Amino acid sequence: MSRKFATWDTAIIALTVLVLIIASLVVDNFGTSRNFTFMVLDLLPIILVALPMTFIIVTGEIDLSVASTLGLTSSLMGWFWNHGLSIETIIPLCIVIGAVAGVLNGFLITGLGLPSLAVTIGTLALYRGLALVVLGDGAVADFPFNYTGWVTGTIGGGAVPNVLILIVVLALIFGVILHATPVGRSLYAIGANAQAAHFAGIRVARTKFWLYVVSGAVAGLVGVLWTLRYSSARADNGAGLELAVVAAVLLGGVSIFGGKGSLPGVLAGVVLLTALQNALRLEDVSGQALNIVTGALLVLSVLLPNLISSIRGNWQRRKLRQSAA
Amino acid sequence: MTPAAARPPIKFDILKTRELGIVLALAALVLYTTINNPRFLSGQSVRDNLLNTAILAVMATGQAVVVITRNIDLSVGSVLGISAFAVATVMSDHPGLPMIIAILVGLAVGAAAGLLNGVLVRYGKVPALVVTLGTLYMYRGITYSWAGGSQVNADELPAHFLNFANDNLLGVPWLVLIALLVVGATTWVMRNYRVGRELYAMGSSPPAAELAGIKVARNLLGAFVLSGALAGLAGVLFAARFGTVDASAGTGYELNVVAAVVVGGVAVFGGSGTVWGAGLGALLLTVISSALAVLDINQFWQQAIVGALIVLAIGADRLVAVRIARSLRKRDAHV
Amino acid sequence: AGCGGTTKDNQSDSAGTQASATADPNAKLKEGLKIAYLPKQLNNPYSDVETSGGEEAVKELKGEYKKVGPNDAAASSQVSYINTLIQQQQDVIVVAANDPNAVCPSLNQARTAKIKVVTFDSDASKDCRDAFINQATTQGIGESLAKMALEQAGGSGDIAVLSATPNATNQNAWIEVMKTELAKPEYSKLKLVKIAYGNDDDQKSFQEAQGLLQSYPNLKVIVAPTTVGIAAAARYISSSSYKGKVQVTGLGLPNQMRQYVKDGTVKKFALWNPADIGYLAAYAGAALASGQISGAEGDKFTAGKLGEYTIGKDGEIVLGPPTEFTTENIDKFNF
Amino acid sequence: MAEATALLEVHDVTKSFGAVAAVQGVSFPLYGGEAHALVGENGAGKSTIVKMLAGVHRPDTGTLRMDGTDVDFAGPADAKAAGIAVIYQEPTLFPDLSVAENIAMGNQPLTRLRQIDRKAMHANAERLFRRLGVQLDPTRPARGLSIADQQLVEIAKALSSEARILIMDEPTAALSAVEVERLFSVVRSLRDEGAAILFISHRFEEITALCERVTIMRDGKHVATELVADLTVDDMIRRMVGRDLSALFPKQTVEPGEVMLEVSALSREGVFRDISFTVRAGEIVALAGLVGAGRSEVMQAVFGVDPYDSGTVKVKGKRLKPGSPRAAMAAGLALVPEDRRQQGLVMELSIERNVTLPRARKLARLGLLFGGAEREAAATWTSKLQTKLGSLSDAVGTLSGGNQQKVVLAKWLSTSPQLLIVDEPTRGIDVGTKAEVHRLMSSLAADGLAVVMVSSELPEVLGMADRVVVLREGRVAAILSRDEATGESVMYAAMGQEAA
Ligand SMILES: Nc1ncnc2c1ncn2[C@@H]1O[C@H](COP(=O)(O)OP(=O)(O)OP(=O)(O)O)[C@@H](O)[C@H]1O
Ligand SMILES: Nc1ncnc2c1ncn2[C@@H]1O[C@H](COP(=O)(O)OP(=O)(O)OP(=O)(O)O)[C@@H](O)[C@H]1O
Ligand SMILES: [Mg+2]
Ligand SMILES: [Mg+2]
């Protein structure tokens with residue numbers, strides 16, 4: 001199985017690299033540094049939310065409320081700003097509020113033992129509703145330029161977007177935790193067999209609880225970044241992002257049943273989706289076709305490896321039979 | 001988790017069923033709303049509520065069957081869209097066609113979409129959530145590409161098609177009758193026929209189902225085709241009821257449908273819950289949103305309240321399940 | 001708050017780079033200009049009509065026409081498209097902003113890249129575009145809505161508004177004017193009971209109309225300042241027991257409303273010609289890109305068949321007064 | 001025992017999983033009216049043969065013949081239709097369905113309208129349970145059944161289909177002597193009615209008691225098919241292992257040390273009540289009793305994976321925090337659970353990750369874990385236990401049942417516990433390894449380890465234990481010293497008066 005893992009990872013990463021190379025050669029304006037910045041900004045929310053989502057899906061659960069948490073923190077950010085709080089206070093506050101939203105999810109799921117899919121569909125509606133309560137139909141726009149500018153800007157005006165540092169740092173932290181620490185090991189065990197994990201002394205409920213808190217906090221942070229990027233705090237910010245994130249994580253080879261998957265695969269999945277969409281848009285392929293490509297990619301990414309291995313198996317068996325006959 | 005099949009003495013059964021909780025919640029909600037605004041129980045209002053539930057309940061039925069097999073069908077909203085657009089296009093091009101043809105077209109489109117889902121899940125060995133998340137995008141994209149910016153308007157549709165949404169049999173609208181029939185028949189089959197029990201078995205333990213010699217492939221395709229076909233049927237009802245159909249019809253419905261199923265007590269891990277529970281879930285969700293509108297609750301609070309109620313409903317359901325588990329242990333106890 | 005940090009009150013705003021080139025009124029309109037349209041969302045019949053006018057104008061100008069856009073009208077989904085248009089080095093971007101601020105940084109980047117930005121239908125912040133094509137003055141539309149409501153209500157009674165999204169810029173502005181109008185003595189017998197939001201979603205609007213009638217038994221008129229809302233409300237009323245008792249008016253497309261005008265559900269509604277908006281925007285964009293105008297107040301240019309226009313305050317260009325549609329004249333229009 | 005044509009014949013079949021050749025050219029016949037034993041070490045390929053007969057796997061080469069004609073099963077449904085009923089090594093129940101439905105699945109009695117006749121279904125389940133002497137409510141869901149009860153439901157399920165060929169892969173592994181005897185009497189009557197039985201077990205006394213013929217396998221290959229009457233147990237073992245085996249239960253006598261574990265008045269509503277006993281360092285204490293007596297539950301509560309309502313657990317005189325396996329591990333406890341599939345192993349993870357799972361934190365350097373440390377730690381214990389495996393990075397689910405059990409043992413022994421709780425430690429383990437496990441337990445005890453062993457195998461209990469705690473219906477029925485413990489005294493205490 002670990003072998004199959006490796007090939008899956010390399011496959012998706014290779015595919016991503018291939019798409020990037022082909023696109024820079026074939027698509028006009030794809031390889032420019034400005035387009036690179038645009039792409040990084042486009043994948044920023046998906047990639048950040050995908051990090052804790054990967055952990056959660058590896059443990060066999062799901063969090064569909066992330067986009068609504070994002071909307072809630074965005075709304076609150078506008079509200080705080082209107083009420084004269086300083087931005088330096090607002091940012092940590094929003095992250096904490098995101099974490100609190102995660103605490104509620106975590107409590108319902110691990111404390112009361114409710115299924116996460118059902119709970120987070122409920123809080124998806126709840127948090128988005130609260131976002132509307134906070135800001136209503138309004139939008140708050142006048143955030144300070146040194147912050148909004150930082151999010152959309154590049155390091156020293158060059159080719160490397162500022163937010164890329166954030167992405168790299170967080171991805172490294174999450175990657176190391178998942179792949180090289182006891183906590184990471186326990187996540188896979190929980191996802192594959194929670195009872196056996198419990199018998200091995202792993203605190204299943206507590207671990208899952210904290211994952212939801214982290215997921216909420218990251219969603220809160222992304223709410224802040226989203227607001228600053230578009231200089232617009234609104235209740236409907238990020239609506240629908242949850243499906244894009246889940247799609248990217250699954251595309252990256254994480255099993256929806258838990259216990260399988262790797263972070264490099266997920267990162268490649270996010271980059272692949274964003275790069276393809278960017279390239280297709282530059283080629284004036286319509287938004288509708290983007291839908292079809294995204295969907296097909298998602299299905300094919302799991303289907304193809306399965307098909308290949310089953311064809312290989314049949315072929316081997318046939319050869320065996322022939323040699324026996 | 002509750003036993004779908006455990007059948008202690010009848011009295012016990014009614015007190016413990018998870019559907020009872022929904023019925024009680026529904027009754028309380030209707031009562032409270034009616035006290036505040038008696039018009040809530042007026043003929044027109046009840047009719048509107050039932051009509052609004054019908055479409056959701058039809059989709060929830062198919063979804064419940066799929067969820068019982070430990071799968072999920074997220075593509076239903078997009079299937080509704082493609083079917084509604086197909087039917088509206090056919091009916092506006094051939095206004096002479098009878099209603100039954102419209103229904104058959106919708107069922108066929110939906111069944112084809114469901115079949116593709118099922119084949120990918122079963123033969124492609126791709127998890128249902130991945131497949132149907134993918135086809136959610138694909139079917140929607142196909143509808144968009146087909147429709148372009150165009151829209152089928154009410155004035156292009158034949159009158160008998162539009163009237164179908166308002167006509168009734170003995171005072172009960174056709175839409176509601178169809179929904180009742182779909183929910184009732186499916187519940188009955190799931191409870192009393194071999195194929196129904198096999199679907200429960202498949203969801204309860206997929207590997208055991210294979211070993212037990214259950215025709216897993218056939219049943220699974222059947223479940224997905226049913227879910228697709230019912231989403232297709234919902235598309236026809238949607239087109240007839242709303243008259244205006246564009247490529248975005250039914251966007252985001254999948255979450256409502258899954259919410260209805262879950263609120264209705266069908267466990268997302270498969271193997272337990274009932275179809276009529278899912279139908280009740282659909283009714284409850286619809287009544288909640290219309291009650292909030294009637295109670296004149298601030299528009300901005302409405303969504304938050306719906307969310308909170310969904311969470312509450314799941315929590316209450318869990319409470320019932322825990323109590324059943326405890327009584328089970330007591331019954332076995334010999335200490 | 002405020003402990004030395006950056007707060008709303010002490011921030012130094014350095015956003016917005018007003019491009020102010022000097023205009024040469026005698027410059028010839030360039031040929032081969034790349035003019036891209038970015039409506040609020042694709043697959044909206046109303047914006048399709050608008051952009052079709054744009055396509056016509058671009059053809060007259062011998063330019064390259066292009067239309068791109070997201071499938072949903074979320075505030076941020078347009079940004080990626082603007083970025084793509086920058087990468088493709090278009091000459092003019094004609095955009096209907098989903099959010100006045102969210103698109104701003106990108107639009108300013110476009111302008112830094114020497115792309116002219118014209119907004120239509122729904123404006124962006126005025127410091128991030130070169131000109132705005134206003135379909136009619138806010139004042140004019142608000143007044144006309146109030147007047148039609150008064151007529152339809154027969155001078156007195158409850159009215160309700162069924163708007164688009166709660167944050168649609170232009171709808172909110174019109175509703176504000178309408179409210180100021182309603183405060184005047186001649187409107188004293190009209191009572192605005194509720195503003196409901198159908199999110200420019202056909203089905204949601206339909207259900208909101210339904211909710212309004214349940215909650216407000218004495219409702220006489222629903223005013224829907226959005227083409228989606230008015231069609232949905234008219235459709236609900238025409239098929240319910242309220243037909244004839246409750247009037248629908250507002251802003252609508254003649255093709256969509258023809259049926260309801262003919263069956264008496266709707267007596268009168270208004271709209272400008274959306275195709276002209278797109279048409280005018282193309283000429284304004286071309287004039288900007290050719291250096292004929294700079295977007296300053298008082299600049300003049302000729303917009304093909306529509307004649308001469310003058311740029312008003314804040315770069316606004318007003319299309320003209322809205323047309324009112326009734327049984328008598330509706331058959332003369334086809335859009 | 002007429003040697004007519006075989007009802008079913010396995011003819012020269014081969015089956016490989018990747019590089020593992022699980023079965024290589026095995027042939028043997030199954031005759032009607034005869035019980036046929038299949039024996040071999042763990043991983044010899046027995047279950048693989050069963051799965052081919054059941055239609056789960058298709059042979060790579062070779063054929064299966066029924067009544068002289070070749071058959072090719074596309075899936076379990078085909079095998080079932082051909083009249084083959086199978087009890088798999090691992091229970092395969094539907095937890096959400098009632099016990100009766102589990103038994104009837106696939107051939108439920110129908111009414112005229114082809115609806116399921118629930119009454120008949122429940123009656124049928126009750127009849128089967130009576131025949132097996134089991135007390136189970138047919139309407140209760142299968143979820144929550146003890147592993148033994150699950151096994152009994154499996155047996156009822158297989159019997160209900162009234163098949164011509166009954167295949168049983170270690171059906172008795174979780175059962176105690178009483179249930180086994182009842183099962184055998186039912187199986188014998190089936191055999192006498194003309195059915196062919198294929199029986200797999202690691203307990204030779206069962207084979208000699210039930211079977212007429214035996215097929216011995218070694219490393220996937222066929223060694224011999226003979227009449228049981230012609231062989232002694234030692235013959236069978238020698239052919240199976242390929243060498244002679246020494247004494248089976250090498251228990252060393254040890255002077256017990258300080259009190260390691262003190263359980264007093266432990267109760268959990270509906271499960272067990274007032275359980276008190278102590279375990280000293282160097283001692284092996286066996287928990288005996290009938291299936292469902294609550295032995296596993298008591299030890300799970302002690303280790304903290306289950307809660308308890310009242311009473312105390314002390315380790316070396318210090319109270320152990322209830323409900324926390326982590327605290328128990330810190331205090332030097334280890335629990336080898338009875339159900340390795342659900343509780344012991346994470347099937348999809350590699351062998352090395354499974355072995356190091358409880359110790360991952362200790363193996364980490366600066367909080368970071370790298371593959372090498374885990375591999376090394378895992379290699380030590382798996383090789384000490386002679387686990388038959390391809391590579392440590394293979395998923396543990398690809399191992400044979402017995403080898404999986406060794407991985408569970410390795411996992412817990414590698415935590416160097418001071419008190420080892422083993423629940424059915426040799427369930428599904430072949431004789432050779434079983435002796436190895438016993439020798440190991442004995443030598444660990446000699447080094448001062450305290451051992452609590454839950455076991456349903458009387459010889460194991462009598463051979464290994466310094467003291468035997470007998471539970472009956474959730475209470476301590478007797479505590480017997482090594483000298484007092486005999487087959488009769490233990491069974492007497494376990495069954496109470498009526499069985500006397
Ligand atoms: N699905 C599988 N994938 C890979 N290898 C397998 C699989 N099933 C069995 N094997 C391997 O085939 C060999 C035979 O296994 P099998 O389960 O038949 O042994 P067994 O004789 O039943 O042993 P036990 O007495 O322990 O149950 C073992 O080496 C095992 O690891
Ligand atoms: N999760 C559960 N829910 C309800 N009853 C249970 C549950 N687990 C066990 N029981 C019941 O508790 C009793 C004790 O079971 P337990 O498994 O401890 O027995 P045991 O003595 O360990 O037997 P063995 O290990 O041989 O199966 C049994 O009657 C069993 O049916
Ligand atoms: Mg085996
Ligand atoms: Mg036990």
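Calculation notes
Residues numbered from 1 in each chain as written. Chains lettered and ligands numbered in written order. Predicted model: local features only at pLDDT ≥ 70, side-chain atom pairs only at ≥ 80, totals over all residues. Heavy atoms only, no water. Contact = heavy atoms within 4.5 Å. Buried area = accessible area lost by both parts, 1.4 Å probe. Salt bridge = Lys/Arg side-chain N within 4 Å of Asp/Glu carboxyl O. Polar contact = N/O pair within 3.5 Å; in protein donor to acceptor, adjacent residues only side chain to side chain. Helix = DSSP H or I, 4+ residues; strand = E, 2+ residues; numbered from the N terminus. Nonpolar A, V, L, I, M, F, W, Y, C, P; charged D, E, K, R; others polar. Donors = N, O, S within 2.8 Å, 3.2 Å for Na, K, Ca; no water. Core = buried A, V, L, I, M, F, W, Y, C linked by side-chain atoms within 4.5 Å. Buried < 20%, exposed > 50% of the residue type's maximum accessible area, 1.4 Å probe, protein only. Phe/Tyr/Trp six-rings, centres within 6.5 Å; stacked < 30°, edge-to-face > 60°. Lys NZ or Arg CZ within 6 Å of the ring centre and 35° of its normal. Near = heavy atom within 4 Å. Areas by Shrake-Rupley, 256 points an atom, 1.4 Å probe, with all protein chains shown as cover. Disulfide = S-S within 2.5 Å. Axes fitted to C-alpha atoms, helices over the stretch in contact; angles between N-to-C directions. Parallel < 35°, antiparallel > 145°, perpendicular 65-115°, else oblique. Expected span 1.5 Å × (residues − 1). Domains from an automatic or database assignment. Pairing = 2+ DSSP bridges.

Student: Hey, could you run me through the interface of chain A and chain B in this one?
Tutor: Think of interface size as the accessible area that goes away when the parts come together; that is how it is often given. Taken together, the 41 residues of chain A in the interface contact 37 residues of chain B. Approximately 3300 Å² of surface area, both sides summed, lies buried where chain A meets chain B, with 83% of it carried by carbon and sulfur atoms. On inspection of chain A and its partner chain B, the count reaches 0 salt bridges. At the surface where chain A touches chain B, the tally comes to 0 residue pairs in polar contact (both at pLDDT 80 or more). When contributions to the side of chain A that touches chain B are tallied by element, the ones reaching two or more residues are helix H5 (116-135), helix H11 (241-251) and helix H13 (287-324) of chain A. At 14 residues, H5 of chain A tops the list of elements feeding residues into the side of chain A that touches chain B. A per-class count over the side of chain A that touches chain B returns 28 nonpolar, 10 polar and 3 charged.

Student: What exactly am I supposed to notice about the coordination of the magnesium ion (ligand 3) here?
Tutor: Tetrahedral coordination by four donors sets the ideal angle at the metal to 109.5 degrees; octahedral coordination by six donors sets it to 90 or 180 degrees. Distances from the magnesium ion (ligand 3) to its protein donors, Ser-47 of chain D (OG) and Gln-89 of chain D (OE1), fall within 1.9 to 2.1 Å. A residue pair is termed long-range when its members are at least 10 positions apart, and Ser-47 of chain D in helix H1 (residues 46-53) and Gln-89 of chain D in the loop between strand E6 (84-87) and helix H3 (99-104) qualify at 42 residues.

Student: For this particular structure, what's the right way to read the nonpolar core?
Tutor: Across soluble globular proteins, you tend to see nonpolar side chains buried next to one another. Formed by 310 residues in total, the largest nonpolar core has its most connected members in Leu-48 of chain A, Phe-161 of chain B together with Phe-301 of chain C. Among the elements that line this core, the one with the most residues is helix H2 (residues 33-58) of chain A, at 15 residues. Formed by 78 residues, the second largest nonpolar core is a distinct cluster that contains Ala-301, Leu-320, Val-355 and Ala-450 of chain D.

Student: So what exactly am I meant to see when it comes to the coordination of the magnesium ion (ligand 4) here?
Tutor: Residue and element names in this part refer to chain D. Taken together, the protein donors to the magnesium ion (ligand 4) comprise Ser-296 (OG) and Glu-338 (OE), at separations of 1.7 to 2.5 Å. Pair noted here: Ser-296 is in helix H9 (residues 295-303) and Glu-338 is in the loop between strand E16 (333-336) and helix H11 (340-344), with a separation of 42 residues, a long-range link. Assigned by exposure class, Ser-296 and Glu-338 land together as buried.

Student: Can you walk me through the packing of aromatic side chains in this structure?
Tutor: In this description, an aromatic ring pair is defined by two values, namely the gap between the centres and the angle between the planes. By the definition in use, this model includes 19 aromatic pairs over all chains. Relative to Trp-146 of chain B, the ring of Phe-85 of chain B lies with its centre 5.2 Å away and its plane at 80°, an arrangement referred to as edge-to-face. With a gap of 61 residues between them, Phe-85 of chain B in helix H4 (residues 76-93) and Trp-146 of chain B in helix H6 (residues 128-147) connect regions that are remote in the sequence. On the basis of relative accessibility, which here comes to 4%, the residue Phe-85 of chain B falls in the buried class. Joined through ring pairs, the aromatic side chains of Phe-238 and Phe-242 of chain B together with Phe-206, Tyr-236 and Tyr-242 of chain C make up one cluster. Its end group placed over the ring of Tyr-279 of chain C, Lys-305 of chain C keeps NZ or CZ at 4.7 Å from the ring centre.

Student: Can you help me understand the site of ligand 1 in this one?
Tutor: Residues and elements named next belong to chain D. Near ligand 1 there are 19 residues, and of these Lys-46, Ser-47, Thr-48, Thr-398 and Gly-402 occur at the shortest range. At 3.5 Å, a side-chain N or O of Glu-170 approaches an oxygen atom of ligand 1. Thr-398 places a polar main-chain atom, nitrogen or oxygen, 2.6 Å from an oxygen atom of ligand 1. Relative to its unbound accessible area of 640 Å², ligand 1 is 84% covered by the protein chains. Contributions of two or more residues to the shell around ligand 1 are made by strand E2 (20-30), H1 and helix H15 (401-413). By residue number, the principal contributor to the shell around ligand 1 is H1, which donates 3 residues. Among the residues forming the shell around ligand 1, the class breakdown is 5 nonpolar, 11 polar and 3 charged.

Student: Help me out: how do you make sense of the state of the cysteines in this one?
Tutor: All names here are of chain C. Summed over the entire model, instances satisfying the criterion amount to 1 disulfide over all chains. Covalent S-S linkage joins Cys-104 and Cys-128, the inter-sulfur distance amounting to 2.0 Å. Taking the sign of the S-S torsion, -70° for the link of Cys-104 and Cys-128, the bridge is left-handed. Taken together, the residues Cys-104 in helix H3 (residues 104-112) and Cys-128 in the loop between strand E4 (116-120) and strand E5 (131-134) connect sequence positions 24 residues apart. Of the two residues, Cys-104 and Cys-128, both sit in the buried class.

Student: How do you make sense of the packing of helix H8 (residues 174-192) of chain B against helix H9 (residues 194-204) of chain B when you look at a structure like this?
Tutor: Each pair of packed helices can be summarised by the angle the axes make with each other and by the distance between the axes. Residue and element names in this part refer to chain B. Direction vectors running N to C along H8 and H9 enclose 75°, while the axes themselves pass 5 Å from each other. If you check the angle between H8 and H9, you find them roughly perpendicular. Judged by residue contacts, Val-189, Met-190, Arg-191 and Asn-192 of H8 engage Arg-194, Val-195, Gly-196, Arg-197, Leu-199 and Tyr-200 from H9. The residue inventory of the contact of H8 with H9, partitioned by class, reads 5 nonpolar, 2 polar and 3 charged.

Student: What's the story with unusual backbone geometry in this structure? I'm lost.
Tutor: Of note in the backbone geometry, Arg-70 of chain B takes a positive phi value of approximately 65° without being a glycine. In this structure Arg-70 of chain B comes out as partly exposed when scored by relative accessible area, which is 35%. Of note in this structure, Glu-473 of chain D is not a glycine but carries a positive phi near 45°.

Student: Looking at this structure, I do not really get helix H7 (residues 227-238) of chain C. What am I missing?
Tutor: Three or four residues apart is the spacing at which side chains of an α-helix point the same way, because the helix has 3.6 residues per turn. All names here are of chain C. An ideal rise of 1.5 Å per residue puts 16 Å on 12 residues; H7 measures up with 16 Å between its terminal C-alpha atoms. In terms of residue burial, H7 counts as a mostly covered element, since 12 of its 12 residues are buried. Of all the residues in H7, the buried ones are Thr-227, Val-228, Gly-229, Ile-230, Ala-231, Ala-232, Ala-233, Ala-234, Arg-235, Tyr-236, Ile-237 and Ser-238.

Student: Got a minute to help me understand the domain arrangement of chain D in this structure?
Tutor: Residue and element names in this part refer to chain D. Domain annotation of chain D identifies domain 1 (8-93 + 145-241) and domain 2 (259-495). One C-alpha centre belongs to domain 1, the other to domain 2; they are set 29 Å apart. Listed by partner, the interface residues are 23 residues for domain 1 and 22 residues for domain 2. Carbon and sulfur atoms make up 55% of the surface buried where domain 1 meets domain 2, a total of about 1900 Å² over both sides. Among the residues domain 1 hides against domain 2, the three largest losses belong to Asn-42, Glu-90 and Ile-147. Together they make up 32% of the total. Run the count over domain 1 and domain 2 and you get 1 salt bridge. At the surface where domain 1 touches domain 2, the tally comes to 1 residue pair in polar contact (both at pLDDT 80 or more). Of all elements in the fold, only helix H5 (147-160), helix H6 (177-192) and helix H8 (233-241) reach the threshold of two or more residues within the side of domain 1 that touches domain 2.

Student: I tried to follow the side chain of Thr-415 of chain D on my own but got confused; where do I start?
Tutor: Here Thr-415 of chain D lies in the loop between H15 and strand E17 (419-423). Reaching out from Thr-415 of chain D, the side chain makes a polar contact with the backbone oxygen of Trp-412 of chain D at a distance of 2.6 Å.

Student: Explain the sheet that holds strand E1 (residues 34-38) of chain C here, please?
Tutor: The strands making up a sheet are joined through hydrogen bonds of the backbone, oriented either antiparallel or parallel. Residues and elements named next belong to chain C. If you walk across this open sheet you meet the 6 strands as E2-E1-E3-E4-E5-E13, and the pairing is parallel. Because the sheet does not close on itself, it has two edges, and the strands there are strand E2 (64-67) and strand E13 (316-318). The sheet shows a mean angle of 20° between the axes of neighbouring strands, direction not considered. Both E5 and E13 contribute to a ladder of 3 bridges, which runs parallel. In the sheet register, Asn-134 faces E13, and the bridge partner there is Val-318. The strands touched by helix H2 (residues 77-87) within the sheet are E1, E2 and strand E3 (92-95), with E1 carrying the most contacts at an inclination of about 175°.

Student: Whenever I open this one, H2 of chain C confuses me. Can you help?
Tutor: In terms of burial, H2 of chain C is largely enclosed, as 11 of its 11 residues are buried. Among the residues making up H2 of chain C, those that are buried are Ser-77, Gln-78, Val-79, Ser-80, Tyr-81, Ile-82, Asn-83, Thr-84, Leu-85, Ile-86 and Gln-87 of chain C.

Student: In this structure, what is going on with the packing of H9 of chain B against helix H11 (residues 216-242) of chain B? I would like to understand it.
Tutor: All names here are of chain B. Here H9 crosses H11 at 95°, and the two axes come no closer than 10 Å. Considered as vectors, H9 and H11 are oriented roughly perpendicular to each other. Counted together, Val-195, Glu-198, Leu-199 and Met-202 of H9 and Val-216, Arg-218, Asn-219, Leu-220 and Ala-223 of H11 form the full contact between these two elements. For the contact of H9 with H11, the class distribution of residues is 6 nonpolar, 1 polar and 2 charged.

Student: I keep staring at the environment of Ala-97 of chain C and nothing clicks. Help me out?
Tutor: Residue and element names in this part refer to chain C. Along the polypeptide, Ala-97 turns up in the loop between E3 and H3. On the basis of relative accessible area, Ala-97 is assigned to the buried category, the value being 0%. A C-alpha to C-alpha distance of 9.2 Å links Ala-97 and Ser-125, two positions 28 residues apart in sequence. Apart from residues lying up to four places away in sequence, Ala-97 is in contact with Lys-40, Gln-78, Val-103, Ser-122, Asp-123 and Ala-124.

Student: Sorry, what's going on with the sheet that holds strand E18 (residues 450-454) of chain D here?
Tutor: Residues and elements named next belong to chain D. Across the sheet, 6 strands lie side by side as E16-E17-E18-E13-E19-E20; this open sheet has mixed pairing. The strands lining the two open edges of the sheet, one partner per strand, are E16 and strand E20 (475-481). Direction aside, the axes of adjacent strands within the sheet are offset by 15° on average. Relative to E18, strand E13 (residues 284-289) runs parallel, the two being bridged by 4 bridges. Bridge pairing links Val-285 to Val-452 in E18. Across the sheet, H15 is in contact with E16 and E17; its angle to E16 comes to roughly 175°. Here helix H16 (residues 431-446) sits on the sheet and contacts E13, E17 and E18; the angle it forms with E13, its principal contact strand, is near 135°.

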